[in-house]
2 protein chains.
Amino acid sequence: MHQTIIDTLKRNQLSITDSRKKILELFLHAKGALAHFDIEHQSGAEFDRVTIYRTLQTFVEKGIIHTIPTADNSIRYALCKDDCANGHHHDDHVHFMCDDCGTTYCLDHVTVPQVSLPNGFTVTQTDVIISGKCMKCA
Amino acid sequence: MHQTIIDTLKRNQLSITDSRKKILELFLHAKGALAHFDIEHQSGAEFDRVTIYRTLQTFVEKGIIHTIPTADNSIRYALCKDDCANGHHHDDHVHFMCDDCGTTYCLDHVTVPQVSLPNGFTVTQTDVIISGKCMKCA
DNA sequence: AATACAATGCAACATTGTTGCAAAATATTG
DNA sequence: CAATATTTTGCAACAATGTTGCATTGTATT
Ligand SMILES: [Mn+2]
Ligand SMILES: [Mn+2]
Ligand SMILES: [Zn+2]
Ligand SMILES: [Zn+2]
């Protein structure tokens, strides 16, 4: 597991630092998506807030994690699958936010449906966010 | 048009105030969705920021406007259709955000597809946000 | 017009995110 | 391995966005 972390950083030409190792580890062990807030707390005040912001930004740029749009003003992040790299994301799965426990799930096996738009609109990305109750809170 | 505004407020049992009239008017004339920022500027510094926040919150609760999840941490709001009322929203249309001009459109005639989830998940709401280029920026 | 009720403005605070820059850590080179 | 070049970090300062309590003002009701 620890090797996976270092491998991932190297594969993406990132230097190996404590914060990057720790934050990547948090994502690997996380059940759902993480917000900046979660990372700041789960890392035990080990790193500066700014470092966390910059690390998340770097990970998104490298295609290690992806963002999930929300209506509650706090961006969530989750691990990408292997085929995301260097700004080219291929996360075409549906996201689920539980109204009860707040957990955000990547439903990797539920692909986003194709939506046909009126003439003149060009599609770059389609995000599907479903809210409701998760299997734990049902 | 002015009568529509007062009617809408009365229908929702809201008292008629300057800020509510003005903000509702902005939505009626707006082409796309509005963020708090837009309203603060378009209303010409006429109302306190707090008043705008509270008015938006009230309008959402009453089913006059609905929120649109975004990936950029600034909630957008847009007018609901007539069948939304008192917390029960029926906005099952797709939203589009232009990468170029930033305009957020309610595609009222594009309904969100039904997505079937794994066992144990219950759906309350499905949001579809598509990004790309709009017909003006194509 | 008098009263009851609700909305507003202000101040103060909380949260989230950004930028510049010196210090520290990491990677590279000989 | 040590010296150097390059990156990353932490700090400070700031900006944007959102929330709460409370006195004042405005709206609705009688
Ligand atoms: Mn995901
Ligand atoms: Mn809409
Ligand atoms: Zn849950
Ligand atoms: Zn556009």
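1. Observations regarding the sheet that holds strand β2 (residues 65-68) of chain B
All names here are of chain B.
Then, in step 1: A sheet is described by the order of its strands in space; here 3 strands give the open sequence β1-β3-β2, paired in antiparallel fashion. One side of each edge strand has no neighbouring strand; the edge strands of this open sheet are β1 (34-35) and β2.
Then, in step 2: Direction of pairing for β2 relative to strand β3 (residues 76-79): antiparallel, over a ladder of 4 bridges. Counted as the bridge partner of Thr67 is Tyr77 from β3.
Then, in step 3: Across the sheet, helix α2 (residues 18-29) lies against β1, β2 and β3, angled at about 80° from β3, the strand it touches most.

2. Some remarks on the pairing of strand β6 (residues 122-133) of chain A
Then, in step 1: Examined bridge by bridge, strand β4 (residues 93-98) of chain A and β6 of chain A share 4 bridges and lie parallel to one another. Bridge assignment links Phe96 of chain A to a residue of β6 of chain A, and that residue is Ile130 of chain A.
Then, in step 2: Taken together, the 11 bridges between β6 of chain A and strand β6 (residues 122-133) of chain B define a ladder with antiparallel strand orientation. Across the sheet, residue Gly132 of chain A finds its bridge partner in β6 of chain B, namely Val123 of chain B.

3. Examining the relation of the copies chain A and chain B
Then, in step 1: With an RMSD of 0.1 Å, the operation that places chain A on chain B is a rotation of 179° combined with a shift of 0.0 Å along the axis. One copy is carried onto the other by what is essentially a two-fold rotation axis.
Then, in step 2: Taken together, the interface assignments show that 100% of the residues at the interface of chain A recur at the interface of chain B, consistent with an identical surface on both copies.

4. Thoughts on the pattern of salt bridges
Between side chains of opposite charge, a pair can form when the charged atoms approach closely.
Residue and element names in this part refer to chain A.
Then, in step 1: Within the structure shown, the criterion is met by 2 salt bridges over all chains.
Then, in step 2: Ionic pairing is found between Lys133 and Asp100, a salt bridge with its closest N-O pair at 4.0 Å. Residue Lys133 is located in strand β6, and its partner Asp100 is located in the loop between β4 and β5 (104-111); the two are separated by 33 residues in the primary sequence.
Then, in step 3: For Lys133, a relative accessible area of 34% corresponds to the partly exposed category.

5. Re the protein's contact with DNA strand C
Then, in step 1: Not every one of the 18 residues close to DNA strand C is listed here, only the nearest: Ile16 of chain A together with Ser19, Arg20, Thr51 and Arg54 of chain B.
Then, in step 2: A distance of 2.8 Å is found between a base nitrogen of DNA strand C and a side-chain nitrogen or oxygen belonging to Arg49 of chain A.
Then, in step 3: The side chain of Thr51 of chain B places a nitrogen or oxygen atom 2.6 Å from a phosphate oxygen of DNA strand C.
Then, in step 4: Elements supplying a minimum of two residues to the surface near DNA strand C: α3 (36-42) and α4 (49-62) of chain A together with α2 and α4 (49-62) of chain B.
Then, in step 5: In terms of residue count, α4 of chain A provides more of the surface near DNA strand C than any other element does, 4 residues in total.

6. Regarding the nonpolar core
Then, in step 1: Membership of the largest hydrophobic core comes to 28 residues, with the highest contact counts inside it found for Phe96 of chain A together with Phe96 of chain B.
Then, in step 2: Ignoring any residue separated from it by four or fewer positions in sequence, one finds Phe96 of chain B in contact with Leu117, Phe121 and Thr122 of chain A together with Thr103, Thr104, Tyr105, Leu107, Ile130, Ser131, Gly132, Lys133 and Cys134 of chain B.

7. Considering the interface of chain A and chain B
Then, in step 1: If you look at the interface, chain A gives 35 residues, while chain B gives 36 residues.
Then, in step 2: Between chain A and chain B, a total of about 2,700 Å² is buried, with carbon and sulfur atoms accounting for 65% of that surface.
Then, in step 3: Of all residues in chain A, Asn73, Phe121 and Ile130 of chain A bury the most surface against chain B, accounting for 19% of the area lost on that side.
Then, in step 4: Linking chain A to chain B there are 0 salt bridges.
Then, in step 5: Taken together, the links from chain A to chain B amount to 11 residue pairs in polar contact (both at pLDDT 80 or more).

8. Some points on the coordination of the manganese ion (ligand 2)
Residues and elements named next belong to chain B.
Then, in step 1: Taken together, His66 (NE2), His93 (NE2), His95 (NE2) and Cys106 (SG) make up the full set of protein donors to the manganese ion (ligand 2), lying 2.0 to 2.2 Å away.
Then, in step 2: Written as a sequence motif, the donor residues of the manganese ion (ligand 2) are H-x26-H-x1-H-x10-C. With His93 in strand β4 (residues 93-98) and Cys106 in strand β5 (residues 104-111), this pair connects stretches of sequence that are 13 residues apart.
Then, in step 3: Given a relative accessible area of 6%, His93 falls into the buried group.
Then, in step 4: On the basis of relative accessibility, which here comes to 24%, the residue Cys106 falls in the partly exposed class.

9. Some points on the coordination of the zinc ion (ligand 3)
All names here are of chain A.
Then, in step 1: Those donors, Cys98 (SG), Cys101 (SG), Cys134 (SG) and Cys137 (SG), are the protein atoms that reach the zinc ion (ligand 3), and they lie 2.2 to 2.5 Å from it.
Then, in step 2: Here the donor residues of the zinc ion (ligand 3) share one chain and are spaced in sequence as C-x2-C-x32-C-x2-C. Of the two residues, Cys98 is situated in strand β4 and Cys134 in the segment after β6; the sequence distance between them amounts to 36 residues.
Then, in step 3: Under the relative-accessibility criterion, Cys98 is labelled buried at 4%.
Then, in step 4: When its relative accessible area of 0% is taken as the criterion, Cys134 is described as buried.

10. Comments concerning helix α2 (residues 18-29) of chain A
Residue and element names in this part refer to chain A.
Then, in step 1: With 12 residues, α2 should reach 16 Å at 1.5 Å per residue; the first-to-last C-alpha distance of 17 Å fits that figure.
Then, in step 2: Every buried residue belonging to α2 is among Ser19, Arg20, Ile23, Leu24, Leu26 and Phe27, and all of these are buried. Down the axis of α2, the buried side of the element spans an arc of 150°, and every buried residue falls inside it. For α2, the exposed residues lying more than 90 degrees away from the buried face are Asp18 and His29.

Thresholds, definitions, all that
Residues numbered from 1 in each chain as written. Chains lettered and ligands numbered in written order. Predicted model: local features only at pLDDT ≥ 70, side-chain atom pairs only at ≥ 80, totals over all residues. Heavy atoms only, no water. Pairing = 2+ DSSP bridges. Helix = DSSP H or I, 4+ residues; strand = E, 2+ residues; numbered from the N terminus. Contact = heavy atoms within 4.5 Å. Axes fitted to C-alpha atoms, helices over the stretch in contact; angles between N-to-C directions. Least-squares fit on C-alpha atoms with pLDDT ≥ 70 in both. Salt bridge = Lys/Arg side-chain N within 4 Å of Asp/Glu carboxyl O. Buried < 20%, exposed > 50% of the residue type's maximum accessible area, 1.4 Å probe, protein only. Near = heavy atom within 4 Å. Polar contact = N/O pair within 3.5 Å; in protein donor to acceptor, adjacent residues only side chain to side chain. Core = buried A, V, L, I, M, F, W, Y, C linked by side-chain atoms within 4.5 Å. Buried area = accessible area lost by both parts, 1.4 Å probe. Donors = N, O, S within 2.8 Å, 3.2 Å for Na, K, Ca; no water. Expected span 1.5 Å × (residues − 1). Arc of directions from axis to C-beta.

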